[in-house]
Amino acid sequence: MSIDLNQALEYAVAWAKEVGKIQLSYFRGNDLGIQTKSNVYDVVTRADKESEAFLLDKIQKHYPGHAVLGEESGAHAGTAEYRWVIDPLDGTNNYSQGLPVFTVSIGLQYREETILGVVYAPYLGELYTAIRDRGARYNGKVIRVAEKQDLAHSVLGTGFPYDKDVNPDNNAANLAAILPSIRGIRRMGSAAYDLCCVAAGWLDGYWELALQPWDMCAGALIVQEAGGIVRRFRENRGISILAGNAALVEKMGEKIQ
């Protein structure tokens, strides 16, 4: 690889913090410019669009030969070996409601393998970072996934797809199957944040179906670099993953189909 990953991480962290300022400037205000995308549940705000435009501009200036895949604007220069996968505002429903769990997610891939991840939660002041084979960090401190080996003591995170109204394959059956066996369930509203909570041990495990690459690119690497695993549990519903330590993912997989 021909780029300096330490430098790339510095850039990505700086960009994420600048995007955070954009988001906080609109947060809980009356100028969000809320619109819907695929359906009434799938929203986008002025902050989403400004955040992605900022990131695209920075990547183009510093890495003009790199491809980009962004949630709001799709793919750019799609044939490069290096590709940035960005979700400028993960947790838009939370954000538009005035709830504080939302993130900026920035991943970098080389030949389709994720090599760098940054997830920043501006309101919470939480920064999660990873470089492949160099560990994961939360606000600069090394993090590890939780060590719980059984479901009964575990608190898990999950989420639900935007087409939950028209597609009965909407995670409700999985939730019903696993809920009696676990200590608790949390629905944070940001897949990137869920994965980071698993990496740091705040959540013991997480599963979700019908994710997109930008939802989980950075967060999945952060989990892996924190000693966890991220495993696909089906191939016919977008990106459907289990995350946690190896033993717990195995137990989750027995309940979640």
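Computed from a predicted model, the values in this text were never measured in an experiment. (Residues numbered from 1 in each chain as written. Predicted model: local features only at pLDDT ≥ 70, side-chain atom pairs only at ≥ 80, totals over all residues. Heavy atoms only, no water.)

Asker: Could you clarify how one ought to interpret the overall build of the chain in this entry?
Answerer: Helix and strand content of the chain: seven helices and 15 strands. Its C-alpha atoms give the chain a radius of gyration of 17 Å, within 12% of the compact-globule value 18 Å for 257 residues. Along the first, second and third principal axes, the C-alpha set of the chain runs to 50 × 40 × 35 Å. Out of the 257 residues belonging to the chain, those deemed buried represent 55%. Considering only intrachain contacts with a sequence separation of at least 6, the fraction spanning at least 24 residues in the chain is 63%. If you sum the accessible surface of the chain, you get close to 11,300 Å²; carbon and sulfur atoms cover 49% of it. Looking at charge distribution, the chain has the averaged site of its 26 positive side-chain charges lying 4 Å from that of its 31 negative ones. (Helix = DSSP H or I, 4+ residues; strand = E, 2+ residues; numbered from the N terminus. Rg over C-alpha atoms; globule rule 2.2 N^0.38 Å. Buried < 20%, exposed > 50% of the residue type's maximum accessible area, 1.4 Å probe, protein only. Contact = heavy atoms within 4.5 Å. Areas by Shrake-Rupley, 256 points an atom, 1.4 Å probe, with all protein chains shown as cover. Lys, Arg positive; Asp, Glu negative; His and termini not counted. Charge placed at Lys NZ, Arg CZ, Asp CG, Glu CD.)

Asker: Is there a simple way to explain the nonpolar core in this structure?
Answerer: Side chains of a nonpolar character, in soluble globular proteins, are inclined to be buried together. Ranked by internal contacts, the top residues of the largest apolar core, which has 36 residues, are Trp84, Ile106 and Val118. No other element matches helix α1 (residues 5–26), which puts ten residues into this core. Counting residues in each nonpolar core, the second largest holds 32 residues, with Tyr128, Ala130, Ala136 and Leu221 among its members. (Core = buried A, V, L, I, M, F, W, Y, C linked by side-chain atoms within 4.5 Å.)

Asker: For this particular structure, what's the right way to read the side chain of threonine 92?
Answerer: Counting through the fold element by element, threonine 92 comes out in helix α3 (residues 92–97). At 3.1 Å, the side chain of threonine 92 forms a polar contact with the backbone oxygen of leucine 89. (Polar contact = N/O pair within 3.5 Å; in protein donor to acceptor, adjacent residues only side chain to side chain.)

Asker: Which parts of the structure should I look at to understand the packing of aromatic side chains?
Answerer: Each aromatic ring pair is summarised here by two numbers: the centre-to-centre distance and the angle between the ring planes. Here the structure, examined in full by the defined rule, presents twelve aromatic pairs. A ring pair is formed by phenylalanine 27 and tyrosine 123, whose centres lie 5.4 Å apart and whose planes are at 65 degrees; its orientation type is edge-to-face. Here tyrosine 123 lies in the loop between β7 (113–121) and β8 (126–131) and phenylalanine 27 lies in the loop between α1 and β1 (35–36), a separation of 96 residues in the sequence. Judged by its relative accessible area of 10%, phenylalanine 27 falls in the buried class. (Phe/Tyr/Trp six-rings, centres within 6.5 Å; stacked < 30°, edge-to-face > 60°.)

Asker: Explanation requested: the UniProt feature "binding site: Mg(2+) 1" (unreviewed entry) in the chain in the structure shown.
Answerer: The UniProt record annotates "binding site: Mg(2+) 1" (unreviewed entry) at Glu71, Asp87, Leu89 and Asp215. Taken together, the annotated residues stretch across 145 residues yet fold into one region, lying no more than 9.7 Å apart by C-alpha. Positionally, glutamate 71 belongs in the loop between β3 (67–70) and β4 (74–76). Note that aspartate 87 resides in strand β5 (residues 82–90). The exposure class assigned to aspartate 87 is buried, which follows from its relative accessible area of 0%. Beyond its immediate chain neighbours, meaning those up to four positions away, aspartate 87 contacts Glu71, Thr103, Val104, Ser105, Trp214 and Asp215. (UniProt positions renumbered as here; feature names shortened; annotations may be inferred.)

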